[in-house]
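Coordinates in review
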Amino acid sequence: MKQSSAKNVFITGTLLLTIAGVLTRIIGFFYRIFLSRTIGAEGLGIYQLISPVTALGFAITAAGIQTSISKFVSMEMGRKNPSGAKLYLFIGLVISLALSTLTGLFIYHQADFLSRAWLGDDRCIPLLKVLAFTFVPSCIHACINGYYYGLKKTAIPSLCQFVEQIARVGSVYLMYQIQLSQGKDMTLSITIWGLVIGEAASTLVSISAFGSFQGIRTQLHHFRAYTGNLFSMAVPLTANRLVLNLFGTFENIMLPNRLKLFGYTNSEALSVYGILTGMSMSIIMFPSVITNSISVLLLPTISEAQSSGNEGLIRRTIKKTIESCLFLGFICTAGFILTGKFLGNFLFGNALAGTFIVTLGWICPFLYLSSTLSSILHGLGYPGITFGLNLTACAIRILFVLFTVPIWGIKSYLSGILVSQIVIALLAIVILFRKVSRPAS
């Protein structure tokens, strides 16, 4: 009965996250089409240039803390200690709020330096100044969502995800209409203000749903121990994310520069970069809404199974995950190969986007595998292994950017993405089976 109940919770949670993810991705599709026609491919390239700053800021302020909250909340609920679970959320929120405030202040005041010395484009300065306001609300709803993921209750995170997308896209469209009525063009800053409004709306929903920290006073004598536990997982996770995001930032900044060595002008390089990251990848990543939903719930499920010594459940979960991801991945690969060119032309009016979709379609089975197996490794308590795998993937892509893009252009970078995903997916499978295939002694 317990296994059946746990399975039902997992399936229900996955379905809720998947439905929310599908709805937000559909809205996101129309939003990308809207942006491609209002700010153009070069504008999308500039917009995507600041994405490494966003990722790096989230890595510093919330990513590792959210995952840690999810893990320890699931452990406390397994011990029938809901007050302890709330205390973990409280501690995580305090730490995350302090980090997000400092990060936002730094980015706001150093926007000029970051844009010129790091991103290499002055047009990013006003975008970074607005982006600085996203980190505080982002960390709040990330931590609260982590708490609900630990409870395996995904209704609130799903609602937050949906509300965030609606608020972001709706506010950008409204500001665009106001600009039109005044005879002005769409600006990139409007798109970033949309991010701020989306994060704020999601935060209001999560705070309203959570309620209060009632009951944590009875657990305050554990404050130091819980803080130590949270830090023991959050610090290495955050350090891992920071290193990976720094590598990813280097990769994203170097790609337009290496494209210029291939022969593109600055405008052409940014346009190709915008088509790849802002158009084609949004299509390729759409089916990953399913695997992302599974990944979120795999961590607490595997963590609970490990704490109860249920090795059989862990092995069955790994086997089912591999089978499901390969099945979904190969279907998506076939779909993108057959329809990629049509999708690029129909959705974005861009033939190059269609070519990229067809080429990138081959990564689907390995992309979906690597994300879900990484979540299992986190649940088993092996963040160092996932860090090593992701670092290997980054290194492979960077080598392709540095040494092949100036010679063969953007197509060689697409090959680098494929090679990196194949390598980490295969390594993850080998490592997992070595870790869990042995029967418990």
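Residues numbered from 1 in each chain as written. Predicted model: local features only at pLDDT ≥ 70, side-chain atom pairs only at ≥ 80, totals over all residues. Heavy atoms only, no water.

**Quick notes on the overall build of the protein**
As a reminder, the rule being used: Numbering of helices and strands runs from the N terminus; a helix is a DSSP stretch of H or I covering at least four residues, while a strand is a stretch of E covering at least two. With C-alpha atoms as the basis for the radius of gyration, the globule rule is written as 2.2 Å multiplied by the number of residues raised to the power 0.38. The contact criterion used is simple: two residues touch if any of their non-hydrogen atoms lie within 4.5 Å. Values of accessible area rely on a 1.4 Å probe in the Shrake-Rupley scheme; residue burial ignores everything except the protein chains shown. When charges are counted, Lys and Arg contribute as positive and Asp and Glu as negative, whereas His and the chain ends are disregarded. The atom standing in for a charge is NZ when the residue is Lys, CZ when it is Arg, CG when it is Asp and CD when it is Glu.
Scanning the protein from N- to C-terminus turns up 18 helices and zero strands. Against the compact-globule benchmark of 22 Å for 441 residues, the protein has a radius of gyration of 22 Å, which places it among compact chains. Of the contacts made within the protein by residues no fewer than 6 positions apart, 83% connect residues no fewer than 24 positions apart. If you sum the accessible surface of the protein, you get close to 19100 Å²; carbon and sulfur atoms cover 68% of it. Distance between charge centres in the protein, computed from 31 positive and 13 negative side chains, equals 12 Å.

**Details of a nonpolar patch on the surface**
The test is simple: Excluding any residue in a salt bridge, patches collect residues exceeding 30% relative accessible area, merging like charges within 9 Å and nonpolar Val, Leu, Ile, Met, Phe, Trp and Tyr side chains within 5 Å. Note on definitions: salt bridges are taken to be side-chain nitrogens of Lys or Arg within 4 Å of carboxyl oxygens of Asp or Glu.
Together, Phe90, Val94, Leu220 and Phe223 make up a nonpolar patch on the protein surface, roughly 320 Å² of accessible area in all. Tracing the backbone shows Phe90 in helix 4 (residues 82-109).

**Things to note about the nonpolar core**
Stated formally: Only buried Ala, Val, Leu, Ile, Met, Phe, Trp, Tyr and Cys residues count toward a nonpolar core, and they belong to the same one when joined by side-chain atoms within 4.5 Å. Working definition: with a 1.4 Å probe on protein chains only, accessible area under 20% of the residue-type maximum means buried, over 50% means exposed, and in between means partly exposed.
In this structure, Leu128, Leu255 and Leu276 are the most contacted members of the largest nonpolar core, which totals 89 residues. Not counting the four nearest positions on each side in its chain, Leu128 is found in contact with Ile50, Val53, Ile107, Ala111, Leu114, Ser115 and Leu119. By size, the runner-up hydrophobic cluster in this structure holds 27 residues, among which are Ile95, Ile140, Phe210 and Met233.

**Side note on the pattern of salt bridges**
If you walk through the whole model with that rule in mind, you get six salt bridges. Note that Arg116 is salt-bridged to Asp122, the shortest N-O span being 3.1 Å. A residue is classified by how much of its surface remains accessible, and Asp122, at 44% relative accessible area, is partly exposed. Note that Arg397 is salt-bridged to Glu251, the shortest N-O span being 3.0 Å.

**A look at the packing of aromatic side chains**
Definition in use: Between the rings of Phe, Tyr and Trp (Trp by its six-membered ring), a pair exists once the centres lie within 6.5 Å; its type follows the angle of the planes, with under 30 degrees stacked, over 60 edge-to-face, and the other angles tilted.
Counted under the stated rule, the structure contains 14 aromatic pairs. Measuring from ring centre to ring centre gives 4.3 Å for Tyr88 and Tyr226, while their planes differ by 5°; the resulting arrangement is stacked. Highlighted residues: Tyr88 in helix 4 and Tyr226 in helix 10 (residues 223-262), separated in sequence by 138 residues. Note on Tyr226: relative accessible area 7%, which makes it buried. Pairwise contacts between aromatic rings join Phe90, Tyr147, Tyr148, Phe210 and Phe213 into one cluster.

**Focus on helix 7 (residues 135-151)**
Note the threshold: Here, expected helix span is obtained from the residue count minus one, scaled by 1.5 Å.
The first and last C-alpha atoms of helix 7 sit 24 Å apart over 17 residues, in line with the 24 Å expected at 1.5 Å per residue. For helix 7, the tally of buried residues reaches 16 of 17 residues, placing the bulk of the element in the interior. Directly beyond the C-terminal end of helix 7, a positive phi value near 60° is found at Lys152.

**A word on the side chain of Thr277**
This is how the line gets drawn: By the criterion applied in these results, polar contacts are pairs of N or O atoms within 3.5 Å in which, for protein atoms, one can donate a hydrogen and the other can accept it, and in which residues neighboring in sequence qualify only through two side-chain atoms.
Among the structural elements, Thr277 can be located in helix 11 (residues 266-284). Residue class for Thr277 comes out buried when judged on its relative accessible area of 19%. In terms of polar contacts, Thr277 uses its side chain to reach the backbone carbonyl oxygen of Tyr273, at 2.7 Å. Those residues in contact with Thr277, other than ones at most four positions away along the chain, are Gln48 and Ser282.

**With respect to the packing of helix 15 (residues 364-379) against helix 16 (residues 383-403)**
The cut-off we apply is this: Only the stretch in contact is used when a helix axis is fitted, and all axes are lines through C-alpha atoms; the angle between N-to-C directions ranges over 0 to 180 degrees. Roughly parallel means an angle under 35 degrees; roughly antiparallel, over 145; roughly perpendicular, 65 to 115; everything else is oblique. By the convention adopted, Pro, Cys, Tyr, Trp, Phe, Met, Ile, Leu, Val and Ala count as nonpolar, Lys, Arg, Asp and Glu as charged, and the other residues, Gly among them, as polar.
Relative to each other, helix 15 and helix 16 sit at 150°, their axes nearing to 7 Å. Judged by the inter-axis angle, helix 15 sits roughly antiparallel to helix 16. Facing Ser374, Leu377 and His378 of helix 15, the residues of helix 16 in contact are Pro383, Ile385, Thr386 and Leu389. Its residues assigned to classes, the contact of helix 15 with helix 16 shows four nonpolar, three polar and no charged.

**Some words on the environment of Thr321**
The residue Thr321 is located in helix 13 (residues 311-348) in this model. For the pair formed by Thr321 and Leu418, sequence separation is 97 residues and the distance between their alpha carbons is 20 Å. Aside from chain neighbours lying at most four places away, what touches Thr321 is Leu298, Thr372, Leu373 and Ile376.

**Thoughts on helix 3 (residues 51-78)**
Filter applied, for reference: Bend, at a single residue, is the angle you get between axes fitted to the 7 residues ending at that residue and the 7 residues starting at it.
An ideal rise of 1.5 Å per residue puts 40 Å on 28 residues; helix 3 measures up with 37 Å between its terminal C-alpha atoms. A maximum bend of about 60° is found in helix 3 at Ala59. At the exit of helix 3 stands Lys80, carrying a positive phi of roughly 60°.

**Details of the environment of Gly335**
Examined against the element boundaries, Gly335 turns out to sit in helix 13. For the pair Gly335 and Gly361, spaced 26 residues apart in sequence, the C-alpha to C-alpha distance is 8.1 Å.

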